[in-house]
Amino acid sequence: MFDFIRKSMIFDAWGAGHHTAITKDNAYHLKTAQDLVVWTFLRKLKGQTIAEIGGGASRILPALAKHNDCYNIEKFQGADGGPSAEIVVPGTKNILAFLGEKSGGVPEAFFDTIFSVSVVEHVPTVEGLTSFFEEGLASLKPGGLWLHAIDLYVTDNPSPYWRERFEVYRGWATDKRVTPVGRVFAGPLRFSTNMASNPDSTMFQWSQVSSNHNALRRDAQSVSVFVAARKS
(Lines give C-alpha, C1' and ligand atoms only; values in the text may rest on other atoms or scores of the structure.)
Protein backbone atom coordinates (compact mmCIF):
# COMPACT_ATOMS: atom_id res chain seq x y z
CA MET A 1 0.00 0.00 0.00
CA PHE A 2 1.02 3.54 -0.63
CA ASP A 3 -1.50 6.26 0.08
CA PHE A 4 -2.25 9.24 2.24
CA ILE A 5 -3.94 8.51 5.54
CA ARG A 6 -7.54 9.36 4.69
CA LYS A 7 -10.27 10.51 7.06
CA SER A 8 -12.27 7.39 6.18
CA MET A 9 -9.46 5.21 7.62
CA ILE A 10 -9.58 6.86 11.03
CA PHE A 11 -13.38 7.16 11.07
CA ASP A 12 -13.64 3.41 10.45
CA ALA A 13 -11.05 2.66 13.15
CA TRP A 14 -12.73 4.95 15.69
CA GLY A 15 -16.09 3.40 14.84
CA ALA A 16 -14.68 -0.06 15.51
CA GLY A 17 -13.20 1.08 18.84
CA HIS A 18 -9.60 0.26 17.87
CA HIS A 19 -8.29 3.41 19.57
CA THR A 20 -9.15 2.18 23.08
CA ALA A 21 -6.14 -0.16 23.18
CA ILE A 22 -3.55 2.59 22.59
CA THR A 23 -4.92 5.84 23.99
CA LYS A 24 -6.71 7.00 27.13
CA ASP A 25 -7.67 10.55 26.09
CA ASN A 26 -9.60 12.30 23.32
CA ALA A 27 -6.84 14.68 22.18
CA TYR A 28 -6.33 14.76 18.42
CA HIS A 29 -3.37 15.63 16.20
CA LEU A 30 -1.74 13.95 13.21
CA LYS A 31 0.06 11.34 15.33
CA THR A 32 -3.34 10.27 16.66
CA ALA A 33 -4.39 9.35 13.13
CA GLN A 34 -1.03 7.71 12.37
CA ASP A 35 -1.07 5.63 15.55
CA LEU A 36 -4.61 4.50 14.86
CA VAL A 37 -3.98 3.39 11.27
CA VAL A 38 -0.74 1.59 12.18
CA TRP A 39 -2.42 -0.11 15.14
CA THR A 40 -5.35 -1.18 12.96
CA PHE A 41 -2.88 -3.00 10.70
CA LEU A 42 -0.96 -4.62 13.57
CA ARG A 43 -3.52 -5.20 16.33
CA LYS A 44 -4.20 -8.89 15.55
CA LEU A 45 -0.53 -9.96 15.48
CA LYS A 46 0.51 -12.69 17.91
CA GLY A 47 3.73 -14.62 18.38
CA GLN A 48 5.71 -12.32 16.09
CA THR A 49 9.01 -10.49 16.41
CA ILE A 50 8.26 -6.79 15.95
CA ALA A 51 10.44 -3.67 15.88
CA GLU A 52 9.38 -0.06 16.11
CA ILE A 53 11.87 2.42 14.68
CA GLY A 54 12.44 5.50 16.84
CA GLY A 55 9.61 4.52 19.16
CA GLY A 56 10.74 6.56 22.17
CA ALA A 57 8.01 6.25 24.80
CA SER A 58 5.98 4.21 22.34
CA ARG A 59 2.21 4.34 22.40
CA ILE A 60 1.82 1.14 20.32
CA LEU A 61 4.52 -1.23 21.61
CA PRO A 62 2.91 -1.75 25.05
CA ALA A 63 -0.20 -3.16 23.39
CA LEU A 64 1.77 -5.28 20.91
CA ALA A 65 4.12 -6.61 23.62
CA LYS A 66 1.23 -8.42 25.31
CA HIS A 67 1.32 -11.08 22.58
CA ASN A 68 4.60 -10.52 20.69
CA ASP A 69 8.37 -10.25 21.12
CA CYS A 70 8.93 -6.49 20.71
CA TYR A 71 11.95 -4.24 20.18
CA ASN A 72 12.46 -0.48 20.10
CA ILE A 73 15.26 0.53 17.71
CA GLU A 74 16.18 3.92 19.13
CA LYS A 75 19.34 5.72 20.26
CA PHE A 76 17.61 8.05 22.74
CA GLN A 77 19.92 10.94 21.80
CA GLY A 78 17.27 13.66 21.74
CA ALA A 79 17.30 14.02 17.95
CA ASP A 80 14.58 16.38 16.62
CA GLY A 81 12.99 16.72 20.04
CA GLY A 82 12.98 13.00 20.81
CA PRO A 83 13.88 11.51 24.21
CA SER A 84 17.45 12.14 25.38
CA ALA A 85 17.49 9.40 28.02
CA GLU A 86 16.81 5.71 27.53
CA ILE A 87 13.21 4.64 28.02
CA VAL A 88 12.30 1.01 28.63
CA VAL A 89 8.80 0.29 27.37
CA PRO A 90 7.22 -2.56 29.41
CA GLY A 91 7.73 -5.90 27.70
CA THR A 92 10.05 -4.42 25.10
CA LYS A 93 13.82 -4.65 24.51
CA ASN A 94 15.87 -1.72 23.23
CA ILE A 95 18.34 -1.84 20.34
CA LEU A 96 20.48 1.30 20.60
CA ALA A 97 20.95 2.03 16.91
CA PHE A 98 19.63 4.10 14.02
CA LEU A 99 18.21 2.06 11.16
CA GLY A 100 20.22 2.94 8.07
CA GLU A 101 23.55 3.48 9.81
CA LYS A 102 24.39 -0.20 9.23
CA SER A 103 26.28 -0.29 12.51
CA GLY A 104 25.75 -4.02 12.97
CA GLY A 105 23.40 -3.54 15.90
CA VAL A 106 20.26 -4.48 13.96
CA PRO A 107 20.08 -8.23 13.27
CA GLU A 108 19.44 -9.49 9.75
CA ALA A 109 16.40 -11.56 8.72
CA PHE A 110 15.13 -11.32 12.30
CA PHE A 111 11.88 -9.33 12.36
CA ASP A 112 8.40 -10.27 11.19
CA THR A 113 7.34 -6.62 11.23
CA ILE A 114 9.16 -3.29 11.22
CA PHE A 115 7.13 -0.11 11.67
CA SER A 116 7.45 3.56 12.53
CA VAL A 117 5.23 6.54 13.27
CA SER A 118 6.35 10.07 12.39
CA VAL A 119 10.04 9.10 12.18
CA VAL A 120 11.05 8.68 8.54
CA GLU A 121 10.60 12.37 7.71
CA HIS A 122 13.54 13.10 10.06
CA VAL A 123 15.96 11.15 7.83
CA PRO A 124 17.55 14.19 6.18
CA THR A 125 18.67 12.97 2.76
CA VAL A 126 17.54 10.70 -0.05
CA GLU A 127 20.75 8.72 0.41
CA GLY A 128 19.83 8.26 4.07
CA LEU A 129 16.35 7.08 3.09
CA THR A 130 17.91 4.54 0.74
CA SER A 131 20.12 3.18 3.54
CA PHE A 132 17.12 3.11 5.88
CA PHE A 133 15.15 1.02 3.38
CA GLU A 134 18.06 -1.29 2.55
CA GLU A 135 18.88 -2.12 6.17
CA GLY A 136 15.20 -2.45 6.97
CA LEU A 137 14.68 -5.01 4.21
CA ALA A 138 17.77 -6.91 5.32
CA SER A 139 16.40 -7.01 8.87
CA LEU A 140 13.05 -8.48 7.81
CA LYS A 141 12.34 -12.17 7.40
CA PRO A 142 10.95 -13.25 4.02
CA GLY A 143 7.32 -12.17 4.00
CA GLY A 144 8.01 -9.61 6.74
CA LEU A 145 5.90 -6.46 6.94
CA TRP A 146 7.36 -3.00 6.25
CA LEU A 147 4.95 -0.39 7.67
CA HIS A 148 5.47 3.36 8.07
CA ALA A 149 3.35 6.46 8.70
CA ILE A 150 5.34 9.46 7.47
CA ASP A 151 4.70 13.19 7.95
CA LEU A 152 4.55 15.33 4.83
CA TYR A 153 3.83 19.01 4.16
CA VAL A 154 1.62 19.61 1.11
CA THR A 155 1.14 23.01 -0.52
CA ASP A 156 -0.65 24.09 -3.69
CA ASN A 157 2.68 23.85 -5.50
CA PRO A 158 4.99 21.40 -3.64
CA SER A 159 8.71 22.09 -3.91
CA PRO A 160 11.13 19.63 -5.56
CA TYR A 161 12.26 18.56 -2.07
CA TRP A 162 8.82 17.28 -1.08
CA ARG A 163 8.11 15.81 -4.51
CA GLU A 164 11.37 13.84 -4.41
CA ARG A 165 10.69 12.41 -0.97
CA PHE A 166 7.12 11.53 -1.95
CA GLU A 167 8.46 9.48 -4.86
CA VAL A 168 11.05 7.77 -2.63
CA TYR A 169 8.27 6.67 -0.27
CA ARG A 170 6.19 5.42 -3.18
CA GLY A 171 9.26 3.51 -4.36
CA TRP A 172 9.25 1.59 -1.08
CA ALA A 173 5.89 0.07 -2.05
CA THR A 174 6.78 -0.60 -5.69
CA ASP A 175 10.32 -1.97 -5.29
CA LYS A 176 10.66 -5.40 -6.90
CA ARG A 177 11.82 -6.86 -3.58
CA VAL A 178 8.48 -6.17 -1.90
CA THR A 179 4.77 -6.71 -2.51
CA PRO A 180 2.45 -3.85 -1.54
CA VAL A 181 -0.35 -4.60 0.93
CA GLY A 182 -3.26 -2.85 -0.77
CA ARG A 183 -3.41 -0.14 -3.38
CA VAL A 184 -0.61 2.13 -4.56
CA PHE A 185 -1.78 5.71 -5.00
CA ALA A 186 -0.75 6.84 -8.47
CA GLY A 187 -1.91 10.42 -8.22
CA PRO A 188 0.17 13.56 -7.74
CA LEU A 189 1.36 15.13 -4.51
CA ARG A 190 -1.67 17.30 -3.91
CA PHE A 191 -3.87 18.04 -0.91
CA SER A 192 -7.39 16.64 -0.88
CA THR A 193 -10.14 17.35 1.64
CA ASN A 194 -10.45 13.63 2.45
CA MET A 195 -6.95 13.53 3.97
CA ALA A 196 -6.37 13.41 7.72
CA SER A 197 -4.36 16.49 8.70
CA ASN A 198 -2.95 18.35 11.67
CA PRO A 199 -5.22 20.96 13.27
CA ASP A 200 -4.03 24.52 12.80
CA SER A 201 -3.76 24.91 16.58
CA THR A 202 -1.21 22.08 16.69
CA MET A 203 0.75 23.65 13.83
CA PHE A 204 0.87 26.94 15.76
CA GLN A 205 2.01 25.20 18.95
CA TRP A 206 4.83 23.52 17.03
CA SER A 207 5.92 26.92 15.71
CA GLN A 208 6.35 28.10 19.31
CA VAL A 209 8.68 25.20 20.07
CA SER A 210 10.72 25.07 16.86
CA SER A 211 11.06 27.56 14.03
CA ASN A 212 11.84 24.86 11.46
CA HIS A 213 9.20 24.83 8.71
CA ASN A 214 7.39 27.85 10.19
CA ALA A 215 6.62 29.26 6.73
CA LEU A 216 5.22 25.90 5.67
CA ARG A 217 3.10 25.68 8.81
CA ARG A 218 1.40 28.94 7.82
CA ASP A 219 0.66 27.88 4.26
CA ALA A 220 0.75 24.06 4.01
CA GLN A 221 -1.28 21.12 5.22
CA SER A 222 0.55 18.67 7.49
CA VAL A 223 -0.57 15.19 6.38
CA SER A 224 0.75 11.63 6.44
CA VAL A 225 1.55 9.07 3.80
CA PHE A 226 1.27 5.41 4.69
CA VAL A 227 3.47 2.61 3.33
CA ALA A 228 2.66 -1.08 3.81
CA ALA A 229 4.55 -3.80 1.94
CA ARG A 230 5.83 -7.33 2.48
CA LYS A 231 9.33 -8.50 1.71
CA SER A 232 9.14 -10.86 -1.25
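Use the structure listed above.
Figured I'd write up the structure that's included with this text. Nothing here was measured: the structure is a model prediction, and the numbers come from that model.

When you go through the protein residue by residue, the secondary structure sums to 7 helices and 8 strands. Projected onto its principal axes, the C-alpha positions of the protein cover 45 × 40 × 35 Å. The burial tally for the protein puts 48% of its 232 residues in the buried class. For the protein, the proportion of contacts with a sequence separation of at least 24, taken over those separated by at least 6, is 71%. In the protein, which carries 24 positive and 23 negative side-chain charges, the distance between the mean positions of the two groups comes to 6 Å.

Think of an α-helix as 3.6 residues a turn; residues three or four steps apart then line up on the same face. Taking 1.5 Å per residue, 14 residues should reach 20 Å; helix H4 (residues 126-139) reaches 20 Å between its end C-alpha atoms and fits that length. Within H4 the residues assigned to the buried category are Leu129, Phe132, Phe133, Glu135, Gly136, Leu137 and Ser139. Tucked inside the fold, the buried residues of H4 contact strand E2 (49-53), strand E5 (111-117), strand E6 (140-154), helix H5 (160-174), strand E7 (178-180) and strand E8 (221-231).

Those residues of helix H6 (residues 200-209) that fall on the buried side of the exposure criterion are Thr202, Met203 and Ser207. Buried residues of H6, viewed axially, fall in a sector of 145 degrees; they line one side. Residues Phe204, Gln208 and Val209 are exposed on H6 and point more than 90 degrees away from its buried face. Buried residues in H6 make contact with E6, helix H7 (214-219) and E8.

With that settled, consider the packing of H4 against H5. Where H4 meets H5, the closest approach of the two axes is 11 Å, and the angle between their N-to-C directions is 15 degrees. The orientation of H4 relative to H5 falls into the category roughly parallel. The way H4 lies across H5 gives a crossing that is right-handed. Note on element contacts: H5 touches H4 through Glu164, Arg165, Val168, Tyr169 and Trp172, opposite Val126, Leu129, Phe132 and Phe133. Residues of the contact of H4 with H5, tallied by class, amount to 7 nonpolar, no polar and 2 charged.

Next up on the list: the nonpolar core. Soluble globular proteins: nonpolar side chains tend toward being buried together. Within the largest apolar cluster, 42 residues are counted, with the highest numbers of intra-cluster contacts made by Phe4, Phe111, Trp146, Leu152, Tyr169 and Trp172. Elements represented by at least two residues in this core include exactly strand E1 (2-4), E2, strand E3 (69-73), E5, H4, E6, H5 and E8. When neighbours within four sequence positions are excluded, phenylalanine 111 is seen to be in contact with Thr49, Ile50, Ala51, Tyr71, Ile73, Ile95, Val106, Ser139, Leu140 and Lys141. With 28 residues, the next largest nonpolar core counts Val37, Val38, Cys70 and Leu147 among its residues.

To continue, consider the packing of helix H1 (residues 7-15) against helix H2 (residues 30-42). The N-to-C vectors of H1 and H2 enclose an angle of 70 degrees; their axes lie 10 Å apart at closest approach. Overall, the two elements H1 and H2 adopt an arrangement that is roughly perpendicular. At the point where H1 passes H2, the crossing takes the left-handed sense. Contacts from Met9, Ile10, Ala13 and Trp14 in H1 reach Ala33, Leu36, Val37 and Thr40 in H2. Looking at the contact of H1 with H2 residue by residue, the classes come out as 7 nonpolar, 1 polar and no charged.

Following the criterion strictly, the structure yields 9 salt bridges and no others. In this structure, lysine 141 engages aspartate 112 in a salt bridge whose closest nitrogen and oxygen atoms are separated by 3.4 Å. Of the two residues, lysine 141 is situated in strand E6 and aspartate 112 in strand E5; the sequence distance between them amounts to 29 residues. Salt bridges sharing partners connect three or more residues here, namely Asp3, Arg6 and Arg183.

Where a strand is regular, its side chains alternate between the two sheet faces. Of all the 5 residues making up E2, 5 are buried; the element is thus mostly covered by neighbouring parts of the structure. Residues Thr49, Ala51 and Ile53 of E2 are buried on one face, and the alternating residues Ile50 and Glu52, pointing to the opposite face, are buried as well. As defined by bridge partners, E2 adjoins E5 across 3 bridges and the pair is classed as parallel. Paired with alanine 51 across the two strands is isoleucine 114, which belongs to E5.

Reading the values: the criteria
- Residue positions are given per chain, counting from 1 as you read along its sequence in written order.
- In view of the model being predicted, local features appear only for residues whose pLDDT reaches at least 70, and side-chain atom pairs are presented and counted only at 80 or more, with totals across whole chains, interfaces and linings using the full set of residues.
- As a rule here, side-chain values cover all heavy atoms of the structure and leave hydrogens and water aside.
- Counting from the N terminus, the helices are the DSSP runs of H or I reaching at least four residues and the strands are the DSSP runs of E reaching at least two.
- The rule is simple: take the accessible area with a 1.4 Å probe, protein chains only, and divide by the maximum for that residue type; under 20% is buried, over 50% is exposed, in between is partly exposed.
- Whether two residues touch is decided by their heavy atoms; if any such pair falls within 4.5 Å, the residues are in contact.
- His is not counted, nor are the chain ends; Lys and Arg add positive charge and Asp and Glu add negative charge.
- One atom stands in for each charge, and that atom is NZ of Lys, CZ of Arg, CG of Asp or CD of Glu.
- Here, expected helix span is obtained from the residue count minus one, scaled by 1.5 Å.
- Picture the helix axis, draw a direction to every C-beta atom, and the arc is the one those directions span.
- Axis definition: a line fitted to C-alpha atoms, limited for helices to the stretch in contact. Angles are taken between N-to-C directions and run from 0 to 180 degrees.
- Angles are sorted into four bins: roughly parallel if under 35 degrees, roughly antiparallel if over 145, roughly perpendicular if 65 to 115, and oblique for all others.
- Each crossing is labelled by how the near helix is turned from the far one, with a counterclockwise turn of less than a right angle marking it left-handed and a clockwise turn marking it right-handed.
- In this classification, Asp, Glu, Lys and Arg are treated as charged, Ala, Val, Leu, Ile, Met, Phe, Trp, Tyr, Cys and Pro as nonpolar, and every other residue, Gly included, as polar.
- Here, nonpolar core means buried Ala, Val, Leu, Ile, Met, Phe, Trp, Tyr and Cys residues that are tied together by side-chain atoms lying within 4.5 Å of each other.
- Just to be clear on terms, a salt bridge is a Lys or Arg side-chain nitrogen sitting within 4 Å of an Asp or Glu carboxyl oxygen.
- Pairs of strands are assigned from DSSP output, requiring at least two bridges between the strands.

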